[in-house]
Amino acid sequence: MAERPPEQARRETPLERADRNFAELLQELRVTQTGVQILFAFLLTLAFTQRFPTLDTVQRATYVTTLLLAMLAAALFTAPAALHRSLFQQNAKPVIVKVSSRLATIGMGVLMLAFTGSVLLVVDVSLGRVAGIAAGAGTLLVCVGLWRVLPWVVRRTVVVRKRARKQSEDSAGREPPERPR
């Protein structure tokens, strides 16, 4: 039995598929947007704390860089809504989905850096520079592992299983090779 192409697997039209993909993307963005908003608000308030004037040059640079990264992540995660709104009823849903997916992917990379900078800054101020760098590096590794490596491993596993299933189906009509005794 031949496997259907992805666009036919659900028996949906290209427009229905674009609508479903956009709805799924918006749900993903709702999850990430909350985290970005909390991080951004936390960073905005830091500059008004009593301890902020005691930060050294590296800590201030880390703070400003991280604040700007959080702002950029928030902008990237809200851009799909703005794009959809500006192209509403223009028959551009497949393009909106494609561009929005790319914006979200870039946003995840920027958010990874904002998380790293935030942890680096807080641990640096709390425990010192070496501990801050170690914690920031650990944060980056965890995010890369969960957001990049894990999906890559799962995708490869799915591909390998599909190939094995296809080979099994292809050889179902033929006699199995003899096993050595």
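Above this text is the structure in question.
A brief look at the structure comes next. (Residues numbered from 1 in each chain as written. Predicted model: local features only at pLDDT ≥ 70, side-chain atom pairs only at ≥ 80, totals over all residues. Heavy atoms only, no water.)

1. Considering helix α4 (residues 93-127)
With 35 residues, α4 extends 49 Å between its outermost C-alpha atoms, agreeing within 8% with the 51 Å of an ideal straight helix rising 1.5 Å per residue. Following α4 by one or two positions, Gly128 has its phi on the positive side, about 120°. (Helix = DSSP H or I, 4+ residues; strand = E, 2+ residues; numbered from the N terminus. Expected span 1.5 Å × (residues − 1).)

2. Some words on the layout of surface pockets
The space that makes up the largest pocket amounts to roughly 300 Å³. What lines the largest pocket is a set of 15 residues, among which Leu25, Glu28, Ala104, Thr105 and Met108 lie closest to the centre. Of all the secondary structure elements, the ones that give two or more residues to the lining of the largest pocket are α2 (14-46), α4 and α5 (129-170). Here the residues of the lining of the largest pocket are counted per class, giving 8 nonpolar, 4 polar and 3 charged. (1 Å grid on protein atoms, 1.4 Å probe; cavity = no way out; pocket = protein on both sides within 12 Å on 5 of 7 lines; lining within 4 Å. Points joined across faces, edges and corners; volume = space filled by probe spheres on them. Nonpolar A, V, L, I, M, F, W, Y, C, P; charged D, E, K, R; others polar.)

3. What to know about unusual backbone geometry
At Gln89, a position not held by glycine, the phi torsion is positive, near 60°. Position of Gln89 among the secondary structure elements: in the loop between α3 (57-86) and α4. Its relative accessible area of 67% is what places Gln89 among the exposed residues. (Buried < 20%, exposed > 50% of the residue type's maximum accessible area, 1.4 Å probe, protein only.)

4. Digging into the nonpolar core
By size, the foremost hydrophobic cluster in this structure holds 26 residues, and its most contacted members are Val36, Leu39, Leu43, Tyr63, Ala73, Phe77 and Leu111. Listing elements by their share of this core, those giving two or more residues are α2, α3 and α4. When neighbours within four sequence positions are excluded, Ala73 is seen to be in contact with Val36, Gly107, Val110 and Leu111. (Core = buried A, V, L, I, M, F, W, Y, C linked by side-chain atoms within 4.5 Å. Contact = heavy atoms within 4.5 Å.)

5. Notes on a nonpolar patch on the surface
A cluster of nonpolar side chains, namely Val142, Leu146, Leu150, Val154 and Val158, defines an oily patch on the protein surface of about 420 Å² accessible area. Overall, the relative accessible area of 45% leaves Val154 in the partly exposed class. (Patch = residues over 30% accessible without salt bridge, like charges linked within 9 Å, V, L, I, M, F, W, Y side chains within 5 Å. Areas by Shrake-Rupley, 256 points an atom, 1.4 Å probe, with all protein chains shown as cover. Salt bridge = Lys/Arg side-chain N within 4 Å of Asp/Glu carboxyl O.)

6. Looking at α5
Helical geometry: 3.6 residues make up each α-helical turn, so side chains three or four residues apart lie on a common side. With 42 residues, α5 should reach 62 Å at 1.5 Å per residue; the first-to-last C-alpha distance of 59 Å fits that figure. Along its length, α5 shows its largest kink, about 35°, at Gly145. Among the structural elements, α4 are those in contact with the buried residues of α5. (Bend = angle between axes of the 7 residues up to and from the residue.)

7. A word on the side chain of Gln59
Along the chain, Gln59 turns up in helix α3. The contact partners of Gln59, leaving out residues within four places of it in the chain, are Thr54, Leu121, Asp124, Val125 and Arg129.

8. Examining the packing of aromatic side chains
Throughout the structure, instances matching the rule amount to 2 aromatic pairs. With a centroid separation of 5.0 Å and 70° between ring planes, the pair formed by Phe52 and Tyr63 is classed as edge-to-face. Here Tyr63 lies in helix α3 and Phe52 lies in the loop between α2 and α3, a separation of 11 residues in the sequence. Like Tyr63, Phe52 is buried. Ring centres 6.0 Å apart and planes at 55° place the aromatic pair Phe115 and Trp147 in the tilted group. Within this pair, whereas Phe115 is found in helix α4, its partner Trp147 is found in helix α5, the two being separated by 32 residues in sequence. (Phe/Tyr/Trp six-rings, centres within 6.5 Å; stacked < 30°, edge-to-face > 60°.)

9. A look at the packing of α4 against α5
Interaxial distance between α4 and α5 falls to 7 Å at its minimum, and their mutual angle equals 155°. Viewed along their axes, α4 and α5 adopt a mutual orientation that is roughly antiparallel. Handedness of the crossing formed by α4 with α5: right-handed. Classifying every residue of the contact of α4 with α5 gives 16 nonpolar, 6 polar and 3 charged. (Axes fitted to C-alpha atoms, helices over the stretch in contact; angles between N-to-C directions. Parallel < 35°, antiparallel > 145°, perpendicular 65-115°, else oblique. Left-handed = near helix turned anticlockwise from the far one by under 90°.)

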